Amino acid sequence: MSSYPNAVDTCRPLDVLGREVEVPLVGGEKVTYAALDYAASAPALQRVWDDVAAYAPYYGSVHRGAGYLSQLSTDLFEQSRATVADFLQLREDDQVVFTRATTDSLNLLASALPAGTRVYAFETEHHASLLPWRGRGLDVTYLRAPRSPEQAVAALEEALAAAHAAGGPRPELVCVTGASNVTGEIWPVRELAATAHRYGARIVLDAAQLAPHHPVSVRELDVDWVAFSGHKLYAPFGAGVLAGRADWLDAAEPYLAGGGASRTVAREADGSVAVEWHRGPARHEAGSPNVIGAYAIASACRALREAGFDALVARERQLIARLREGLAAVPEVRVLTLFGEDHPRVGVLSFVVQGWNSSHFSAALSAEYGIGVRDGLFCAHPLVRTLLGGEENVPSECGAPEASLPGERSLNAIRVSFGAGTPDEHVDRFVAAVRELVTQGAQWAYRTEGGRCVPDTRR
Ligand code: PLP
């Protein structure tokens, strides 16, 4: 472990909840849990938890009550919007809509697209940015998995040029992820945005995996919208964000019809009901807003800003280098990559282990080492299948340990992911466990129960 980047500009891990939680191993002893599944849901920052706890006694209805606590909660909700706008460096006229999470944000945007919009998405996307465009009368083009950032930009350019040559002007939207939830690789967002804009198309950035690790500046990247989830940004209180241009959102039917979205509702002489909808974020936030969720996101934004992304990124790079160096010493491990192992990535890495079924391997990491990772196709089935080298429809559920024998292709993969709260020791423990499992094998037998791989404790 010699070639880590200079440590000068890094910081200590941020305090997160659960850092001292002990979990039982299958043999009976207890160990501190190593949470290495940040890409699914990151632990709450202690700071977020403290802020929420301090606010909780003052909790009240938003945009509804005349009482003091309602007004305080309304102010807090609107201030949270302003904090998120600042965090994302939005343009003057952009708006922040609070949603449930990234999936919700992208479905909201899909529902607001002008009729007949052409949508372009890479087949490598998470299902949340791959699927919302289907079945809405939109014209969707799925672009093949590129093998380099340059290929990604060229593929988009080609698709836009072909569409423009074939037909008249139409509203167009490109959807791209900032960092892959499978490989962690960072995508050429600025270049894709420039290409989209050259053709008059708009672009939405799925920042679910990027925002927790890197600064996301809407102005600098020049994207039209950005979506992310609170629970991946250390704020697991059920809220997410869609931020960006107001015009298409204001012109669309509200995402949900109901109170809060409506400005006036009147009964007409013919017995029908006429509605005037709000413009702005309220139009798509019908129902009682999740003020705690929004406040938690704002608190996380402040905490990350204060810790400083330069230091956070530097620290994460050290952890990534540590992990890669450790895994490189285990020849049975194959890291999955689209753009090459040296391409910049966030703290997300997927791999397969020769001779092992990934579900079996992950189950052993949990049961015998107290390490929590994820196995499967990670809601990005086309991408993982491409990376595994097969296109056929293979089951993603926990397979029998013998399903992948030495030399055979794995049916799914293992993903390890970490972030601002991860201590070095968790990465070291993970690498040591991988090495031990590969060289010595699991100490227990495993079987499939309820679709999950579990140690067989019946003997
Ligand atoms: N986009 C990416 C890149 C993701 O990794 C995820 C979740 O893993 C999502 C979108 C969906 O996020 P959520 O489940 O919070 O809606």
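Per chain, residues are indexed from 1 in the order of the written sequence. Restriction of local features to residues with pLDDT of at least 70 applies here, the model being predicted, together with a cutoff of 80 or more for giving and counting side-chain atom pairs; totals for whole chains, interfaces and linings are based on all residues. Side-chain calculation: all heavy atoms of the structure are included, whereas hydrogens and water are not.

## Focus on the pattern of salt bridges
Applied cut-off: The salt bridge criterion pairs a side-chain nitrogen of Lys or Arg with a carboxyl oxygen of Asp or Glu, the two atoms within 4 Å. Strands here mean DSSP runs of E at least two residues long; helices mean DSSP runs of H or I at least four residues long; both are numbered from the N terminus. When accessible area is computed with a 1.4 Å probe and restricted to protein chains, residues below 20% of their type maximum are described as buried, those above 50% as exposed, and intermediate ones as partly exposed.
All told, the structure shown has 29 salt bridges when counted by the stated rule. Among the salt bridges present, the one from Asp37 reaches Arg415, with a minimum N-O distance of 3.4 Å. Residue Asp37 is located in the loop between strand 3 (34–35) and helix 1 (46–55), and its partner Arg415 is located in strand 17 (residues 413–417); the two are separated by 378 residues in the primary sequence. Note on Arg415: relative accessible area 1%, which makes it buried. Two residues, Arg324 and Asp342, come together in a salt bridge whose shortest N-O distance is 2.9 Å. With a gap of 18 residues between them, Arg324 in helix 10 (residues 309–328) and Asp342 in the loop between strand 13 (333–335) and strand 14 (348–353) connect regions that are remote in the sequence. With relative accessibility at 25%, the residue Arg324 sits in the partly exposed group.

## Quick look at the site of the ligand
Stated formally: One heavy atom within 4 Å of a molecule or strand makes the whole residue count as near it. Between N or O atoms, a polar contact is any pair within 3.5 Å; within protein, one atom must be a potential hydrogen donor and the other a potential acceptor, and residues adjacent in sequence are included only when both atoms are from side chains. Method for areas: the Shrake-Rupley scheme with a 1.4 Å probe, in which residue coverage is limited to the protein chains shown. Basically, the charged four are Asp, Glu, Lys and Arg, the nonpolar ten are Ala, Val, Leu, Ile, Met, Phe, Trp, Tyr, Cys and Pro, and anything else, Gly included, counts as polar.
Lining the immediate environment of the ligand, one finds 14 residues, of which Thr103, Asp206, Ser229, His231 and Lys232 sit closest. In the model, an oxygen atom of the ligand is placed 3.4 Å from a nitrogen or oxygen of the Thr102 main chain. Interatomic distance of 2.6 Å between a side-chain N/O atom of Gln209 and an oxygen atom of the ligand. Protein chains shield 89% of the accessible area of the ligand, which is 390 Å² for the free molecule. Looking at side-chain class alone, the shell around the ligand contains four nonpolar, eight polar and two charged residues.

## Description of a nonpolar patch on the surface
Counted only if it meets this: Note on patches: the residues involved have over 30% relative accessible area and no salt bridge, like charges join within 9 Å, and the nonpolar side chains Val, Leu, Ile, Met, Phe, Trp and Tyr join within 5 Å.
A surface patch of nonpolar side chains, amounting to about 340 Å² of accessible area, comprises Tyr58, Tyr68 and Leu69. Along the chain, Tyr58 falls in the loop between helix 1 and helix 2 (68–87). Taking the relative accessible area as the measure of exposure, Tyr58 reaches 42% and is therefore partly exposed.

## Details of the sheet that holds strand 13
The following threshold applies: Whether two strands pair comes down to DSSP finding at least two bridges between them. As a rule, the C-alpha atoms of each element are fitted with a line to give its axis, helices using only the stretch in contact, and angles between N-to-C directions run from 0 to 180 degrees.
The sheet built from four strands is open, its strands ordered 13-14-17-16 with antiparallel pairing. Every interior strand has two partners, whereas the edge strands, strand 13 and strand 16 (374–376), have only one. Strand-to-strand twist of the sheet, defined as the mean angle between neighbouring strand axes without regard to direction, takes the value 35 degrees. Pairing analysis gives four bridges linking strand 14 to strand 17, with the strands arranged antiparallel. Each bridged residue has a counterpart across the sheet, and for Phe351 the counterpart in strand 17 is Ile414.

## Examining the domain arrangement of the chain
This is how it is decided: An automatic or database domain assignment provides the domain bounds reported here. Only heavy atoms matter for contacts: two residues are in contact if any of them lie within 4.5 Å across the pair. Two parts lose some accessible area (1.4 Å probe) when they are put together, and adding that loss for both gives the buried area.
By the assigned domains, the chain splits into domain 1 (7–43 + 308–455) and domain 2 (47–306). Taken together, the 39 residues of domain 1 in the interface contact 35 residues of domain 2. When domain 1 packs against domain 2, the two sides together hide about 3,200 Å² of surface, and 60% of this comes from carbon and sulfur. On the domain 1 side of the contact with domain 2, Phe309, Leu338 and Phe339 bury the most area, a combined 23% of that side's loss. The interface formed by domain 1 and domain 2 includes zero salt bridges.

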